[in-house]
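Examination of the molecular architecture
Now for the letters of each chain:
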Amino acid sequence: MENSSNSSSVVEDPLSPPARRGGWRAIMFIIGNESFEKLASMSLVSNITVYLKTEYNMGGVSVVNVVNIWSGSSNITGIAGAFLADAYLGKFLTLLFGSIASFLGMATMTLTAGVPRFRPSACEGESNCPQPQGWQLAILFAGLGMLSIGAGGIRPCNISFGADQFDTSTEKGRKQLATFFNWWYFSFTVALVVALTAVVYIQTNVSWVIGFAIPTACLAFSITIFLIGYNTYIFVRPQGSIFADMVKVIVAACKKRRFTIAPVCEYPFYDPPRTGSDPSAVELPHTDRFKCLDKASIITDSSELDNYGMAKNVWRLCSLQTVEQLKCLVTILPVWASGIVFSIIMDQCSTFGILQALQTSNSIGSHFKIPPGWINIVPMLALAGSILIYECIYIPLALKITKKDKRLTIQKRLGTGLVMSVLCMLASGIAEKKRRDSALKHGSFASPYSLALLLPQFVISGLAEAFANVALLEFLTTQMPESMRTVAGAIFFLGLSIAGYLSSLLVTIIHSVTAKTGKTPWLGGRDLNKNKLDLYYYVTAGLGVLNLLYFFFFASNYVINNSGDKRKREVQLEP
């Protein structure tokens, strides 16, 4: 974090004492904003599959593809959000504008539920389901698009803006930051569990209009909370986009590709003094990895510098610090790639798992029916419970017994999460086989099995996310220079975006191939009883095994211990 006392890049209100800015006081407002934003977005995410299938009459493959593409778009816009935050707007304004865009998107979704003409008419039997017209889909996609734009402003900046509130030049600040990631996940998860039980029930059993109006109001409330905390925040001025600097390094290195970097280089490196940043910030040392990128910073001719010793053309000569920043990004890619495959696997549980829930018995007594979307509360409870046990029981108990901080390393948590992703798909396949066989035996659309049949796969899903996603997020944020925190957030959500698109592609390929080569397609249609979803789950489990082997034999070499000196943790990202 850039310390307000000695950094020209931090904006302070002269009427507000510096000591009152930042820390947990500011974090309360940031997490409050995030919690209500997640409440709104996840109440839609949790039930969008049901909404599209019941109100827009979409088939299984269409629903999964729309959800995956929308999810992917919501994450890929984070790159644009990170660029705007770093280069022009700063994190605060980017978060604010993103929240407003999300509010407008959710309001549009409320209109699609409230105006009957915006949706196709209801099905009259399984064979007579009118499909939505183009203009109806346009309104639906406009709402989802605004939500994606909003997510692009919120997701890459929320965590990094929160991290800016801690002074990581001190031991206390570093410990607070390590705890922040877990409590950030825990706080909004608890809020979601408490609220989604009511919101999803209202959407499914009372009214989609009221069910969408509630998250719309929550978004308005989240914006209000965020603005109330204005005087508690530390603001870091935008200092230019890291993304643009990285492109310049690649271009400059290509222009100087004919030059050779010898052990004792005959050309001096361009390493000017840092300006406009915190003097106490960690300066990245020159490393020997990816030497081809060093060519961007060698001074091959004195004419490349002006009279003040600065580069005349930044597309031909880049500073050594900028080159090292790109090296940091390249070094985390193997672990990030493993995270993408993990997300592809987890996407199956959150999409096809809901379709499974739609075709199981959800009745309790003769009057109450459990909304299928409630099944998404299970992984959230598992995630929140595991974090609570880890932070409040395991860490204090281990510290008391050993007198040392016994936090699990990032490598161990990532590996555990990947193992659980495989177990999740195996459990999903076994449950689906039992569900389908039971439904076919009784000749019914819904299986006599209750939703309890699906609990194991969703519990394992929540535990897998608690281990892998939290660890990956911590790895990207803490194992990169502080100046690249927004980039770390954008990279994390870009991985989720790529996973969404690849998941959609995987579904399309499997559906197409099995429809042509087999008697029964594995996927497709409105009835899972006519498919072989369990075989698809086993294929994704195999993908998880390959990802696990890739991580343990290759990517894990790029994960260093998350303890020890801060400077080492930030710059020693070599295998």
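What follows is about the overall build of the protein. When helices and strands are counted, the protein shows 15 helices and six strands. Looking at the 575 residues of the protein, the share that counts as buried comes to 55%. Partitioning the contacts of the protein with sequence separation of at least 6, the portion at a separation of at least 24 is 81%. A total accessible area of about 24000 Å² is found for the protein, and carbon and sulfur atoms account for 65% of it.

A few words on helix 12 (residues 455–478). Taking 1.5 Å per residue, 24 residues should reach 34 Å; helix 12 reaches 34 Å between its end C-alpha atoms and fits that length. Along helix 12, the helix axis deviates most sharply at E465, where the bend reaches about 30 degrees. Of all 24 residues making up helix 12, 18 are buried, and the element is well covered by its neighbours.

Turning to a nonpolar patch on the surface, a few remarks are in order. There is a patch of nonpolar side chains on the surface, built from V419, L423, L426, I430, Y538, V545, L546, L549, F552 and F553 and spanning about 930 Å² of accessible area. The leading source of residues in the nonpolar patch is helix 14 (residues 533–553), at six residues. Within the secondary structure, L423 sits in helix 11 (residues 410–442).

Evaluation of the coordinates by the stated rule reveals zero disulfides. Unpaired in terms of disulfides, C349 finds its nearest cysteine sulfur in C424, a separation of 4.1 Å. Assessed through its relative accessible area of 1%, C349 is described here as buried.

For N57, which is not glycine, the phi dihedral falls at a positive 60 degrees. Residue placement: N57 occurs in the loop between helix 2 (48–55) and helix 3 (60–114). Despite not being glycine, F290 shows a phi value in the positive range, around 50 degrees. Examined against the element boundaries, F290 turns out to sit in the loop between helix 7 (242–255) and helix 8 (291–294). Relative accessible area serves as the criterion here: at 33%, F290 is assigned to the partly exposed category.

Here we take up the side chain of S504. Position of S504 relative to the elements: it lies in helix 13 (residues 485–517). Dropping the residues within four chain positions of it, S504 is found in contact with N65, N68 and I69.

This paragraph deals with the packing of aromatic side chains. Taken as a whole and judged by the stated rule, the model has 22 aromatic pairs. Seen from their ring centres, F161 and F226 are 6.2 Å apart, and the 70 degrees between their planes marks the pair as edge-to-face. In this pair, F161 is assigned in helix 4 (residues 134–163) and F226 in helix 6 (residues 208–228), connecting sequence segments 65 residues apart. On the basis of relative accessibility, which here comes to 1%, the residue F161 falls in the buried class. Accessibility expressed as a relative area gives 1% for F226, which makes it buried. With a centroid separation of 6.0 Å and 80 degrees between ring planes, the pair formed by Y233 and F235 is classed as edge-to-face. Neither residue differs from the other here; Y233 and F235 are each classed as buried. Cluster of aromatic residues (ring-pair linked, three or more members): F92, F161, F226, Y230, Y233 and F235.

In this section: helix 6. Helix length check: helix 6 (21 residues) gives 31 Å between terminal C-alpha atoms against 30 Å at 1.5 Å per residue, within 8%. If you check which residues of helix 6 are buried, you get W208, G211, F212, P215, T216, C218, L219, S222, I223, I225 and F226. Here helix 6 starts with a cap whose side-chain oxygen sits 3.2 Å from the backbone nitrogen of V209, and that cap is S207.

For the protein, mean pLDDT is 80; residues scoring 70 or higher make up 87% of the total. Mean pLDDT per element in the protein: helix 15 (residues 566–571) is the minimum at 38, and helix 14 is the maximum at 93. Overall, residues 562–575 carries pLDDT values under 50, and its contacts beyond four positions in sequence, including any with other chains, amount to 44 contacts.

Below, the discussion takes up the environment of F551. Residue placement: F551 occurs in helix 14. For F551 and S338, which are 213 residues apart along the polypeptide, the C-alpha to C-alpha distance reads 6.5 Å. Ignoring anything within four residues of it in the chain, the contact list for F551 reads S338, Q411, L414, G415, L418, S556 and V559.

Our next topic: the pattern of salt bridges. Using the criterion set out here, one finds 11 salt bridges in the structure. Note that E304 and R316 form a salt bridge whose closest N and O atoms lie 3.1 Å from each other. Taken as a pair, E304 in the loop between helix 8 and helix 9 (320–358) and R316 in the loop between helix 8 and helix 9 lie far apart in primary sequence, 12 residues in all. Judged by its relative accessible area of 8%, E304 is buried. By relative accessible area, which is 29% here, R316 ends up partly exposed. Residues K327 and E324 are paired through a salt bridge, measuring 3.1 Å at the closest nitrogen-oxygen approach. Here K327 and its partner E324 are both found in helix 9, three residues apart, which amounts to about one turn of the helix. In terms of burial, K327 and E324 fall into one category: buried. A single salt-bridge network, built from bridges that share partners, covers K256, E304 and R316.

Right, let's talk about the environment of S343 for a bit. Inspection of the secondary structure assignment puts S343 in helix 9. Taking the C-alpha atoms as reference points, S343 and A468, 125 residues apart in sequence, are found 9.6 Å from one another. Setting aside anything within four residues of it in sequence, one finds S343 in contact with N469, L496 and A499.

Let us now look at the environment of V341. With respect to the element layout, V341 can be found in helix 9. A sequence separation of 162 residues divides V341 from S503, and the C-alpha atoms of the two residues are 9.2 Å apart. With near-sequence residues (within four places) excluded, V341 lies in contact with L543 and N547.

With that out of the way, let us pick up the packing of helix 7 against helix 9. Describing two packed helices takes the angle between their axes plus the distance from one axis to the other. Between helix 7 and helix 9, the shortest axis-to-axis distance is 9 Å and the interhelical angle comes to 100 degrees. Compared by their axis directions, helix 7 and helix 9 come out roughly perpendicular. From helix 7, I242, D245, M246, V249 and I250 reach across to helix 9, where they touch T322, V323, Q325, L326 and L329. For the contact of helix 7 with helix 9, the per-class residue count stands at seven nonpolar, two polar and one charged.

Thresholds, definitions, all that
- Starting from 1, residues in each chain are numbered consecutively following that chain's sequence as written.
- Given that the model is predicted, a residue must reach a pLDDT of at least 70 before its local features are reported, and side-chain atom pairs must reach 80 or more before they are shown or counted; all residues, however, enter totals for whole chains, interfaces and linings.
- Derived side-chain values reflect all non-hydrogen atoms in the structure, with water molecules and hydrogen atoms excluded from consideration.
- Only runs of H or I of at least four residues qualify as helices and only runs of E of at least two qualify as strands under DSSP, and these elements are numbered from the N terminus.
- Note on exposure labels: buried denotes an accessible area under 20% of the residue type's maximum, exposed denotes more than 50%, and partly exposed covers the range between, all computed with a 1.4 Å probe on protein chains only.
- Should any heavy atoms of two residues lie within 4.5 Å, those residues are counted as being in contact.
- Here the accessible surface of atoms and residues is derived via Shrake-Rupley with a 1.4 Å probe, and residues count as covered only by protein chains that are part of the display.
- To estimate the expected span of a helix, count its residues, drop one, and scale the result by 1.5 Å.
- The term bend refers to the angle at a residue between two fitted axes, each drawn through seven residues, those ending there and those starting there.
- Patch construction takes residues with relative accessible area above 30% that form no salt bridge. Like charges are linked within 9 Å, and nonpolar side chains (Val, Leu, Ile, Met, Phe, Trp, Tyr) are linked within 5 Å.
- Definition used for salt bridges: Asp or Glu carboxyl oxygen within 4 Å of a side-chain nitrogen of Lys or Arg.
- What counts as a disulfide here is a pair of cysteine sulfur atoms lying within 2.5 Å.
- Pairs were defined over the aromatic rings of Phe, Tyr and Trp, the Trp ring being its six-membered one, requiring ring centres within 6.5 Å. Orientation was assigned from the angle between planes: stacked under 30 degrees, edge-to-face over 60, tilted for the rest.
- Polar contacts, as used here, are pairs of N or O atoms within 3.5 Å; protein pairs need one atom able to donate a hydrogen and one able to accept it. Residues neighboring in sequence count only if both atoms are side-chain atoms.
- pLDDT gives the predictor's per-residue confidence on a scale running from 0 to 100.
- Whenever a helix is involved, its axis is fitted only over the stretch in contact; in every case the axis is a line through C-alpha atoms, and angles between N-to-C directions fall within 0 to 180 degrees.
- Should an angle lie under 35 degrees it is considered roughly parallel, over 145 roughly antiparallel, and from 65 to 115 roughly perpendicular; all remaining angles are considered oblique.
- Classes in brief: Ala, Val, Leu, Ile, Met, Phe, Trp, Tyr, Cys and Pro nonpolar; Asp, Glu, Lys and Arg charged; the others, Gly included, polar.

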